[in-house]
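Remarks on the overall topology
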Amino acid sequence: MPIIPTGVRGARIIGWGSALGNKVVTNDDLALTMETNDEWIRERTGIHRRSIGGTTAELSISSGGAALTMAGVDPSTIDALILATTTPDRSVPASSAKVQDALGLRCGAFDLNAACSGFVYALVTAHGLIAMGAQRVLVIGTDTLSRIVDWTDRNTAILFADGSGAMVLEATSGLGQLMSWDLDADGSLEELLYCEIGSTVQMNGKEVFRRAVRIMVDSAAKTMQQAGVTADQIALIVPHQANTRIITAACERLGVPMEKTALTIEFTGNTSSASIPLALFHAADGGRLKQNDLVLLVGFGAGMTAASALLRWGAQ
Ligand code: UT7
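Predicted model only: the values in this text are computed from it and were never measured. (Residues numbered from 1 in each chain as written. Predicted model: local features only at pLDDT ≥ 70, side-chain atom pairs only at ≥ 80, totals over all residues. Heavy atoms only, no water.)

**A look at the overall build of the protein chain**
To be explicit about the condition: Helix and strand definitions follow DSSP, with helices as H or I runs of at least four residues and strands as E runs of at least two, each counted in order from the N terminus. A radius of gyration in this sense is built from C-alpha atoms; the matching globule rule multiplies 2.2 Å by the number of residues raised to 0.38. A simple rule labels every residue: compare its accessible area, found with a 1.4 Å probe on the protein chains alone, to the largest value its type can have, and call it buried under 20%, exposed over 50%, or partly exposed in between. Only heavy atoms matter for contacts: two residues are in contact if any of them lie within 4.5 Å across the pair. Exposure was quantified through the Shrake-Rupley algorithm and a 1.4 Å probe, taking into account, for residues, occlusion by the shown protein chains and nothing else.
A tally of regular secondary structure across the protein chain gives nine helices and 13 strands. Rg of the C-alpha trace for the protein chain: 18 Å, near the compact-globule value of 20 Å for 316 residues, within the 12% margin. Overall size of the protein chain, expressed as C-alpha extent along the three principal axes, is 55 × 45 × 40 Å. Classification of the 316 residues of the protein chain by burial places 55% in the buried group. Across the protein chain, contacts joining residues at least 24 apart in sequence account for 78% of those joining residues at least 6 apart. Total accessible area on the protein chain is roughly 12,900 Å²; 51% of this is exposed by carbon and sulfur atoms.

**So, the domain arrangement of the protein chain**
Put simply, the rule reads: Segmentation into domains, and thus their bounds, comes from an automatic or database assignment. Put simply, buried area is how much 1.4 Å-probe accessible surface two parts lose in total, over both of them, once they are put together. Definition used for salt bridges: Asp or Glu carboxyl oxygen within 4 Å of a side-chain nitrogen of Lys or Arg. In protein, a polar contact requires one atom able to donate a hydrogen and another able to accept it; more generally it is a pair of N or O atoms within 3.5 Å, and residues adjacent in sequence count only if both atoms are side-chain atoms. Side-chain classes are defined by residue name, with Ala, Val, Leu, Ile, Met, Phe, Trp, Tyr, Cys and Pro counting as nonpolar, Asp, Glu, Lys and Arg as charged, and the others, Gly among them, as polar.
By domain assignment, the protein chain separates into domain 1 (10-172) and domain 2 (178-312). Averaged C-alpha coordinates put domain 1 and domain 2 at centres separated by 15 Å. Taken over both partners, the interface formed by domain 1 and domain 2 buries close to 3,600 Å², and the fraction arising from carbon and sulfur atoms is 65%. Taken together, the links from domain 1 to domain 2 amount to zero salt bridges. Across the domain 1-domain 2 interface, the total number found is 17 residue pairs in polar contact (both at pLDDT 80 or more). Elements with a minimum of two residues in the side of domain 1 that touches domain 2: β1 (11-20), α2 (38-45), β3 (49-52), α5 (118-131), β6 (136-144) and β7 (162-171). Residue classes in the side of domain 1 that touches domain 2 are distributed as 22 nonpolar, 17 polar and eight charged.

**Considerations on the site of the ligand**
Worth spelling out the cut-off: Nearness is judged by heavy atoms alone; a residue qualifies as near a molecule or strand once a single heavy atom is within 4 Å of it.
Neighbouring residues of the ligand: 23 residues in total, closest Thr-36, Arg-154, Lys-206, Asn-243 and Arg-245. Note that an oxygen atom of the ligand is positioned 3.2 Å from one of the side-chain N or O atoms of Trp-40. Residue Arg-154 places a side-chain N or O atom 2.8 Å away from an oxygen atom belonging to the ligand. Here the ligand loses 73% of its free accessible area of 950 Å² to cover by the protein chains.

**Points about α5**
Convention followed: What a helix should span is 1.5 Å times the count of its residues minus one.
Look at α5: 20 Å from first C-alpha to last across 14 residues, which is about the 20 Å you get at 1.5 Å a residue. Counting buried positions over the 14 residues of α5 gives 10, a clear majority of the element. For α5, every residue scored as buried is listed here: Gly-118, Phe-119, Val-120, Tyr-121, Ala-122, Leu-123, Val-124, Ala-126, His-127 and Ile-130. Looking one or two residues beyond α5, the residue adopting positive phi is Gly-133, at roughly 115°.

**Here we look at the packing of aromatic side chains**
The condition that has to hold: Centre distance within 6.5 Å is the pairing criterion for rings of Phe, Tyr and Trp, where only the six-membered ring of Trp is used; planes under 30 degrees apart are then read as stacked, over 60 as edge-to-face, and the remainder as tilted.
For the structure on display, the rule yields two aromatic pairs. On the basis of an interplanar angle of 5° and a centroid distance of 5.5 Å, the ring pair of Trp-16 and Phe-281 is categorised as stacked. Linking Trp-16 in strand β1 with Phe-281 in helix α9 (residues 275-285), this pair joins segments that are 265 residues apart in sequence. Here Trp-16 matches Phe-281 in class, with each residue buried. Seen from their ring centres, Trp-16 and Trp-313 are 5.5 Å apart, and the 55° between their planes marks the pair as tilted. Here the residue Trp-16 occupies a position in strand β1, and Trp-313 occupies one in the segment after β13 (305-312), the gap between them amounting to 297 residues. On the basis of relative accessibility, which here comes to 15%, the residue Trp-16 falls in the buried class.

**Side note on the sheet that holds strand β4 (residues 80-84)**
Backbone-to-backbone hydrogen bonds pair the strands of a sheet. The strands run either parallel or antiparallel. Inclusion rule: Strands were regarded as paired on the criterion that DSSP finds at least two bridges between them. All axes here are fitted lines through C-alpha atoms, helices being fitted over the stretch that makes contact, and every angle between N-to-C directions spans 0 to 180 degrees.
Read across the sheet, five strands follow the order β1-β7-β6-β4-β5 without closing on themselves; strand pairing throughout is mixed. Two strands bound the open sheet, and with one partner strand each, they are β1 and β5 (108-112). The sheet shows a mean angle of 15° between the axes of neighbouring strands, direction not considered. Pairing between β4 and β5: five bridges, direction parallel. The residue of β5 that forms the bridge with Ala-80 is Gly-108. Where helix α3 (residues 56-71) meets the sheet, its contacts fall on β1, β4, β6 and β7, and the angle it forms with β1 comes to roughly 135°. This element, α9, spans β1 and β7 of the sheet and lies at about 105° to β1.

Listed below in structure tokens is the structure:
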């Protein structure tokens, strides 16, 4: 389990932004084209509606631009752009290239694919860059899953949607906000959830569900243990928004009550790399976070990957 070395240069979040696809699709809309219904989707997933539309670059430019505006920084002062996505617009080049140009950045830019764990992977990677001298890093998590979903497959079409969340991280003189982290992957589970290039998502939903709870709990427990923090000290847990039943089971096992959980799945659906930042910034915009609150991010996804990070909100 990696330990953050004492004296390392930390970072804090100085701005954030979100974007959703421009078309709202309700469960009733889906019931028009496949054998499903609103009641089943609400009860089995927690999803009421979702937004789709736009490309990965378009949504990233929107959320990234909002994050830069909130941070009030000149785009030319950003030292790196990391775009977490599992749905790039092209195989080559990385979608971050278009985003970098549109936002007026002049810095290294790359995509990172860790499926639904991608944003936490990118957050940890950005801290590595900052420890090595970068002053500011723009981290974006975006997915446009509507483009790789088979809209006749009720197993996947009811779950996945489009969205983007972005943040500007700035170096601090102190320890910063990241207290501990865990990144994990088990490639032997690749067949549970995959998409061949040019094809549509294939998923063994039951198996993903069964394993998701355990790997989220394992990753979150490691991260809390690393920081010497117990569940009762967590002010807000921000889980990957995949299924309310997965979130409820994981939070129960971790000992974090549901009122301390960030939930956006009802209106976002599963937006993969965008899921955790959308839920985190929705909570922050809603006034749910105060200075020094402990915030636990925890995700899982195709791979299967898992990732968690403990933040001290607003810490310098
Ligand atoms: O980012 C990670 C992404 N993936 C996930 O997190 C997926 C995790 N898995 C899940 O969320 C759930 O397994 C699903 C939502 C995909 C499915 O829910 P489930 O409770 O596992 O349903 P099931 O596959 O066990 O099906 C139960 C019943 C079946 O009918 P019978 O055999 O009991 O008569 C299905 O045919 O529900 C039926 N069913 C549906 N009915 C209406 C399955 N899908 C649907 C549907 N609408 N969309």
